[in-house]
Amino acid sequence: MLDYTFQWKVVWKRLPDLFEGAILTLELTILSSIIGLLIASILVIWQKNDNIFLRNFTKTWISIARNTPALLQIYIAYFGLGSFGIHLSSYVAVLGAIAFNNAGYMTEILRGGFSSVSKNQNQAAKGLGLNNFQTYVYVIYPQVLKTVFLPMTNQFIWAMMGTSLGIIIGLQELTGMTTFLQSQTFRPFEFYFIAALIYIFISKSILLSSGFIAKKYLRI
Amino acid sequence: MIKIKDVHKSYGDLKVLDGIDLEVNNGEVVCLVGASGSGKSTLLLCVNALEGIDKGEVLVDEISVHDKNTNQNELRKKLGIVFQQFNTFPHLTALNNVSLALKLVLKMSKKESNDLAEEHLIKVGLKEKLNHYPSELSGGQQQRLAIARALAMSPSYLLLDEITSALDPELVGEVLDTLRMLADEGMTMIVVTHEIPFAREVANRVAFFHEGKIHEIGSPKDLISNPKKIRTKEFLSKIL
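Residues numbered from 1 in each chain as written. Chains lettered and ligands numbered in written order. Predicted model: local features only at pLDDT ≥ 70, side-chain atom pairs only at ≥ 80, totals over all residues.

Residues and elements named next belong to chain B. Compared with an ideal rise of 1.5 Å per residue, which puts 14 residues at 20 Å, helix H4 (residues 110-123) spans 20 Å between its outermost C-alpha atoms and is within 8% of the ideal. Listed in full, the buried residues belonging to H4 are Ser113, Ala117, His120 and Leu121. On an axial view of H4, the arc spanned by its buried residues comes to 100°, and they lie on one face. Tucked into the core, H4 has its buried residues touching helix H3 (94-104) and helix H5 (139-151). (Helix = DSSP H or I, 4+ residues; strand = E, 2+ residues; numbered from the N terminus. Expected span 1.5 Å × (residues − 1). Buried ≥ 20, exposed ≤ 12 C-beta atoms within 10 Å, placed from the backbone. Arc of directions from axis to C-beta. Contact = placed C-beta atoms within 7 Å.)

Turning to the environment of valine 175 of chain B, a few remarks are in order. Residue and element names in this part refer to chain B. With respect to the helices and strands, valine 175 occurs in helix H6 (residues 169-184). Accessibility expressed as a C-beta count within 10 Å gives 25 for valine 175, which makes it buried. Taking the C-alpha atoms as reference points, valine 175 and glycine 125, 50 residues apart in sequence, are found 10 Å from one another. Discounting chain neighbours no more than four positions away, the residues touching valine 175 are Gly140, Gln143, Arg144, Ile163, Thr164 and Leu167.

Moving on, we get to helix H1 (residues 40-47) of chain B. Residue and element names in this part refer to chain B. With respect to burial, H1 is a largely interior element, seven of its eight residues being buried. Looking only at H1, the buried set comprises Lys40, Ser41, Thr42, Leu43, Leu44, Cys46 and Val47. Following H1 by one or two positions, alanine 49 adopts a phi angle in the positive range, close to 65°.

Let us now look at unusual backbone geometry. Residues and elements named next belong to chain B. The backbone of aspartate 61 sits at a positive phi, close to 50°, despite the residue not being glycine. Of note, aspartate 61 is situated in the loop between strand S4 (55-60) and strand S5 (63-64). Not every positive phi belongs to a glycine, and asparagine 87 is a case in point at roughly 55°. Along the polypeptide, asparagine 87 turns up in the loop between strand S6 (79-82) and H3.

A few words now on the sheet that holds strand S2 (residues 14-24) of chain B. As summarised here, the arrangement of the four strands in space is S2-S1-S4-S5 (chain B), forming an open sheet in which the pairing is antiparallel. For this open sheet the edge positions go to S2 and S5 of chain B, each flanked by a neighbour on one side alone. (Pairing = 2+ DSSP bridges.)

Here the focus is the interface of chain B and chain A. Each partner contributes residues to the interface: chain B has 18 residues there, and chain A has 16 residues. For the side of chain B that touches chain A, the element with the highest residue contribution is H3 of chain B, accounting for three residues. Class assignment for the residues of the side of chain B that touches chain A results in 10 nonpolar, five polar and three charged. (Nonpolar A, V, L, I, M, F, W, Y, C, P; charged D, E, K, R; others polar.)

Now the structure itself:
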């Protein structure tokens with residue numbers, strides 16, 4: 001086992017390809033998180049809506065997103081929807097599925113954030129004459145943001161992990177690209193090792209910058 | 001002048017206010033006393049429309065508080081309210097806690113609002129704490145901050161909801177001192193309180209609440225030293 005000779009040169013040569021995969025990974029992570037967060041912001045309101053249809057819709061979404069494997073969600077988007085004549089590219093399928101998954105988790109994070117702000121804050125703001133909009137923007141949301149910021153960062157990183165499932169439907173994000181390259185060069189260990197380092201680098205960058213923002217602007 | 005006329009309110013089957021009549025004249029301090037759950041705090045919330053009512057009417061300077069056509073945000077400028085749990089805004093410094101509504105509601109400039117906020121914080125003895133966050137303040141300081149926040153809006157009336165109940169005993173004095181100062185300045189106040197000695201000293205009238213009704217009302221001397229009704233006597237003997 002110990003007579004294995006590492007061959008790093010071949011990895012350096014294909015580094016541009018790895019970066020291309022990494023950029024696709026980053027792009028999917030950012031887009032799926034933004035879309036997920038936008039949907040979650042709506043779902044968290046619908047969750048308490050008087051309309052029973054909207055409430056149940058939200059409940060079902062959260063339930064499926066959180067209680068089924070992300071891989072299955074990607075399969076449903078890519079293969080399942082085909083039964084209805086909806087044919088998504090592997091890019092859209094992965095983006096859609098991870099955004100769907102993100103929205104489910106993020107709704108729960110936001111719900112926790114809102115319930116952590118005491119009802120009294122609302123009364124205090126109204127009592128000072130603030131209208132509904134001002135109360136939310138200047139009093140409630142900043143406090144919600146503080147509570148949800150770090151859990152959202154974790155979700156963001158989780159989304160990045162999730163995008164690696166794209167390999168299964170032929171997407172060449174970082175994991176997909178790495179797998180493709182090692183199969184061409186027969187140097188799996190070297191390629192996967194460097195891919196791991198790139199993943200760690202992206203995660204740590206996200207964590208460090210969010211930690212910085214949390215400290216500097218949110219006093220967390 | 002605040003006129004409360006035959007106000008009824010229930011939460012589901014629970015009747016909280018059962019026909020309250022009370023008039024508070026300008027410059028008057030009225031203390032509301034009574035057991036927990038007797039409706040005192042709810043009445044305060046009804047006066048500035050933080051709670052709706054089922055029947056009756058509340059008039060503030062002849063404006064009907066719960067009328068559909070009343071602009072309640074506008075009305076609340078006249079009515080400062082301070083709560084038992086302070087409800088300071090944890091994400092804002094003391095200065096910004098006070099200046100927020102000055103900017104948003106009274107449309108003051110940044111400089112104007114900060115100056116006025118500072119002035120009111122100094123008045124309640126928080127000169128050293130302008131840039132501190134509520135979490136860095138003691139309970140008494142937070143409550144004085146909440147009072148400054150309400151006062152900065154120059155309300156005509158102040159509604160105070162058990163504002164010393166959540167404080168450690170040694171911090172109650174500093175908040176009551178602030179109230180004495182306001183009473184001396186002629187601020188009109190409705191004060192829900194369990195501090196009977198304070199009510200005796202500062203109030204023009206004291207109302208004893210029992211089961212959603214004003215059971216007895218009168219001057220502090222009459223009501224506290226010489227209650228006529230048996231329920232009032234029982235209540236006072238328990239807490240004095």
